[in-house]
Each structure stands twice: as C-alpha cells, then as structure tokens.
Amino acid sequence: MKVYVMDAFTDRIFGGNQAGVVLADKALEPEVMQQVAAELKHSETVFVKQGEDGLHLRYFTPAGEVDLCGHATVATFALLWRLGRIGDGTHAAHTRAGKLDIGVSGETVWMDMAPPKTLGVLPRESWAELYGAYGLTLADRPEGLEPEIVSTGLADIMMPVTDHDTLMRAKQNEETVTALSKHFDVTGVHMFCLGEDKVYCSNFAPLYDIPEECATGTSNGALTYYLYERGLVEPEKENLFLQGEHMGRPSRIYSRLTAEDGAVRVRIGGQAVLSLSGEMDL
C-alpha cells in the first residue's frame with residue numbers, strides 16, 4: 001500500500017500543511033485507518049479508494065475520524081494528477097460530508113465545499129471566555145464582527161480579532177478551547193483579521209489533537225461565507241487567506257463564492273507538492 005506525504009496549499013516543499021495520503025489497494029477497517037493516522041502523526045491523513053462512481057475519501061486525525069478535510073483533499077488530487085492517474089477536468093470525491101466536485105487544472109486544485117451553513121452567533125456570555133482562552137480580551141474584537149459558528153463540511157467558531165499583531169500574539173489555552181469545542185459541538189476555532197487585500201488567519205483544533213493547523217480549506221470556506229454575509233466578500237471574486245505564520249509554514253488558500261438563484265456555493269483552491277513517499281505492508 002502506497003503512502004505519501006504532501007505539503008498542501010503551497011507551491012514549495014516544507015511550506016503549507018502536511019497531509020498523509022494513503023492509496024489503499026484493499027478495504028481497510030476504520031480501526032486500522034485510525035492506527036495509520038496516529039502513526040503518521042499529521043493533522044489529517046486521507047484514505048483513498050477508487051469506486052465505480054469516483055473516488056471515496058475518508059479522513060482521520062491522530063485522535064478520530066472527521067467528515068471532511070480541505071487540505072487533505074487538495075493534496076489527494078494534486079498527487080493523483082502528479083502520478084498521472086487523473087487529468088485536468090472535474091472529478092467526483094465521495095466523502096462523509098457528501099459528494100464534492102473537484103476541479104483540476106495543472107498543479108492547481110479547486111474543491112467544492114459542502115453547502116455553507118450558519119449555525120448561530122456564539123452567546124454573548126461566552127465571548128469573554130473565548131477571547132480569554134487566547135490571552136485576549138473583548139477589546140481585541142473588532143466592532144461589528146461577532147464570533148459565529150459556520151460550516152462548509154466541518155463546523156468551526158469564526159473568531160474575529162482587530163489586527164495582525166493581535167492574531168500573532170494570541171496564545172492558546174488548549175484545555176479551555178477543548179472544553180468550548182465540546183460544548184458548542186465544533187471542530188475548533190478559526191481566528192482571523194482583515195488585511196488590505198487578504199485575510200490573515202490561524203486555526204486551532206485541540207479537541208482533535210491539533211493544537212494549531214497551518215492550512216485549513218474547510219475553515220476558510222466557512223470564513224468566506226461568514227464574510228460574504230457581512231458584505232466583506234463579493235461573489236465571483238478570488239479571495240486570499242494567509243495562514244500558518246505562527247508555525248513557520250506559511251500557506252496560501254484561495255476561495256471563490258458564487259450566489260445564483262438563492263444558492264450559495266463556495267470553492268477552495270490551492271496547490272500541493274510531494275515531500276515524502278513510501279510503502280506500508282498491512
């Protein structure tokens with residue numbers, strides 16, 4: 001069984017977010033996939049199986065299975081294109097979050113997110129605890145932007161902060177963030193601030209043994225929708241998210257949003273490069 005490590009949402013090795021990609025040559029039990037993910041120790045490992053209706057993908061963190069992972073999906077289709085197993089065009093990806101259309105154009109992969117959903121503004125009485133979990137106060141929240149739970153496949157708390165300096169000095173209390181994630185039934189917290197022509201962000205998911213993640217497609221898809229609802233993102237325009245600065249692995253994630261006949265669609269795009277490959281005998 002072939003195992004690869006891809007650096008996603010970057011065009012250079014040792015940048016972006018690493019994902020394990022396992023091209024399974026036989027059916028694997030969930031317990032085995034979980035053990036492999038724990039052994040590889042990347043934030044997510046994706047297991048890929050070819051079916052008659054397209055590719056079937058399952059995603060595991062070192063701690064458990066999740067429905068969808070953006071950077072691992074980009075990594076998968078960039079790898080398959082590199083190996084010559086797929087060409088340019090649109091391909092189907094079957095995930096626990098639903099069927100997604102994946103567009104491949106050379107080294108760039110664009111993936112559909114699950115339909116965006118707003119799951120509610122965080123109760124005001126929780127705001128101080130949320131900001132305090134990062135050594136911040138409510139004075140670090142920009143006026144007019146509230147913490148809100150949004151999902152494009154995985155639910156995260158969108159947490160706005162005033163500026164880049166605030167984003168960079170945030171220090172997480174993992175125990176508090178884990179408790180908040182359990183309480184609100186979310187994957188984690190997606191902290192962000194607005195730049196002149198980009199959005200800076202950091203992503204935290206200690207509930208799933210991911211203290212911080214340097215590139216998250218689903219979270220930035222959710223953030224695209226959050227900003228659209230507030231008139232800060234325009235349909236059809238390309239948006240740039242910079243993530244991973246805390247970790248020394250800067251990532252570039254792109255998004256596009258369309259709104260037609262009342263239906264909103266979000267796509268996430270980026271590149272991925274191969275960093276390691278090997279075999280596993282199971």
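The rules behind the values
Residue positions are counted from 1 within each chain, in the order its sequence is given. Residues qualify for local features only when their pLDDT is at least 70, as the model is predicted, and side-chain atom pairs are given and counted only at 80 or more; totals for whole chains, interfaces and linings, by contrast, use all residues. Note that the side-chain values use all heavy atoms of the structure and ignore hydrogens as well as water. Here a strand is any run of E in DSSP of at least two residues, a helix any run of H or I of at least four, and the numbering for each starts at the N terminus. Computation of the radius of gyration draws on C-alpha atoms alone. For the globule rule, the value is 2.2 Å times the number of residues to the power 0.38. Buried means the residue's accessible area, taken with a 1.4 Å probe over protein chains only, is under 20% of the maximum for its type, while exposed means over 50%, and partly exposed covers the values in between. We call two residues in contact whenever any of their non-hydrogen atoms come within 4.5 Å of each other. Within 3.5 Å is the distance limit for a polar contact, defined as a pair of N or O atoms, with the added protein rule that one can donate a hydrogen and the other accept it, and that residues adjacent in sequence qualify only through two side-chain atoms. Residues belong to a common nonpolar core when they are buried Ala, Val, Leu, Ile, Met, Phe, Trp, Tyr or Cys residues joined through side-chain atoms within 4.5 Å. Here, a strand pair is defined by DSSP locating no fewer than two bridges between the strands. Paired rings are identified among Phe, Tyr and Trp, the last through its six-membered ring, by centres lying within 6.5 Å, and are further divided according to the angle between planes into stacked (under 30 degrees), edge-to-face (over 60) and tilted (the rest). Charge-over-ring contacts are defined here by two conditions on Lys NZ or Arg CZ: a distance within 6 Å of the ring centre and an angle within 35 degrees of the ring normal. Residue count minus one, scaled by 1.5 Å, sets the expected span of a helix. With a 1 Å grid spanning the protein atoms alone, the term cavity applies to any set of points in which a 1.4 Å probe fits but cannot get out, the term pocket to an open set with protein on both sides within 12 Å along at least five of seven lines, and the term lining residue to any residue with an atom within 4 Å of a point. Grid points are joined across faces, edges and corners, and a volume is the space filled by probe spheres set on the points. Polar here means any residue outside two lists: the nonpolar Ala, Val, Leu, Ile, Met, Phe, Trp, Tyr, Cys and Pro, and the charged Asp, Glu, Lys and Arg; Gly therefore counts as polar. Throughout this description, the term salt bridge denotes a Lys or Arg side-chain nitrogen within 4 Å of a carboxyl oxygen of Asp or Glu.

Chemist: Please give an account of the overall build of the protein chain that cites residues and values.
Modeler: Within the protein chain one finds six helices and 17 strands. Relative to the compact-globule value of 19 Å for 282 residues, the protein chain shows a C-alpha radius of gyration of 18 Å, a close match. In terms of overall dimensions, the protein chain has C-alpha extents of about 55 × 40 × 30 Å along its principal axes. For the protein chain, the residues scored as buried account for 56% of the 282 residues in total. For the protein chain, contacts bridging at least 24 residues in sequence account for 63% of all contacts bridging at least 6.

Chemist: Can you lay out the side chain of Thr-10 for me, pointing to particular residues and giving the numbers?
Modeler: Counting through the fold element by element, Thr-10 comes out in the loop between β1 (2-8) and β2 (17-23). Overall, the relative accessible area of 9% leaves Thr-10 in the buried class. A distance of 3.3 Å separates a polar atom in the side chain of Thr-10 from the backbone nitrogen of Arg-12. Once residues within four sequence positions are removed from consideration, Thr-10 is found in contact with Gly-15, Gly-16, Gln-271, Ala-272 and Val-273.

Chemist: Just give me the short version of the nonpolar core, but keep the residues and values in it.
Modeler: Of all hydrophobic cores here, the largest spans 50 residues; its most connected members are Val-21, Phe-77 and Phe-192. Once you skip the residues sitting within four places of it in the chain, Phe-77 turns out to touch Leu-55, Leu-57, Ile-86, His-91, Ala-92, Ala-93, Ile-102, Val-104 and Val-109. Membership of the second largest hydrophobic core comes to 25 residues, among which are Ala-155, Ala-170, Phe-184 and Tyr-200.

Chemist: Give me the pairing of strand β15 (residues 238-243): which residues, what numbers.
Modeler: Looking along a regular strand, one sees the side chains alternate between the two faces of the sheet. Within β15, five of the six residues are buried, which leaves the element mostly enclosed by the surrounding structure. Pairing analysis gives three bridges linking strand β13 (residues 199-205) to β15, with the strands arranged parallel. Residue Cys-201 lies in a different strand from β15, and its bridge partner there is Gln-243. Note that β15 and strand β16 (residues 251-260) share six bridges and pair antiparallel. Paired with Phe-241 across the strands is Ile-253, a residue of β16.

Chemist: Report on the packing of aromatic side chains, specifying residues and quantitative values.
Modeler: Scanning the entire structure with this criterion turns up four aromatic pairs. Pairing Phe-47 with Phe-60 gives two aromatic rings, centres 5.7 Å apart and planes at 90 degrees, and the pair type is edge-to-face. Residue Phe-47 is found in strand β3 (residues 45-51), and its partner Phe-60 is found in strand β4 (residues 54-60); the two are separated by 13 residues along the sequence. The two residues Phe-47 and Phe-60 agree in class, both being buried. In this structure, Arg-230 is placed above the aromatic ring of Tyr-226, and the distance from its NZ or CZ to the ring centre is 3.7 Å. Cation over ring: Arg-256 sits above Trp-110, and NZ or CZ is 4.2 Å from the ring centre.

Chemist: Please set out helix α6 (residues 217-229) residue by residue, giving values where relevant.
Modeler: Taking 1.5 Å of rise per residue, the 13 residues of α6 would be expected to cover 18 Å, and the 19 Å separating its terminal C-alpha atoms lies within 8% of that figure. Among the 13 residues in α6, eleven count as buried, and that is most of the element. Of all the residues in α6, the buried ones are Gly-217, Thr-218, Ser-219, Asn-220, Gly-221, Ala-222, Leu-223, Thr-224, Tyr-225, Tyr-226 and Leu-227.

Chemist: Provide a residue-level description of empty space enclosed by the protein, including the pertinent values.
Modeler: In the structure shown here, the tally under the stated rule is one cavity of 30 Å³ or more. Here the largest cavity defines a volume of roughly 120 Å³. Around the largest cavity, the lining comprises 18 residues; the ones closest to its centre are Glu-44, Leu-154, Glu-213, Thr-216 and Thr-218. Within the residue set of the lining of the largest cavity, elements represented by two or more residues are α2 (70-82), β13, β14 (210-213) and α6. By residue class, the composition of the lining of the largest cavity is seven nonpolar, eight polar and three charged.

Chemist: Which residues make up the pattern of salt bridges, and what values go with them?
Modeler: Under the definition given, this model contains 14 salt bridges. For Arg-230, the salt bridge goes to Glu-146, with nearest N and O atoms at 3.4 Å. Pair noted here: Arg-230 is in the loop between α6 and β15 and Glu-146 is in the loop between α3 (127-132) and β10 (148-151), with a separation of 84 residues, a long-range link. Across the pair Glu-148 and Arg-230 runs a salt bridge, and its minimum N-O distance is 3.1 Å. Of this pair, Glu-148 sits in strand β10 while Arg-230 is found in the loop between α6 and β15, placing the two residues 82 residues apart along the sequence. The exposure class of Arg-230 is partly exposed, given its relative accessible area of 24%. What you see here is one network of salt bridges that share partners, running through Arg-58, Glu-65, Asp-67 and Arg-96.

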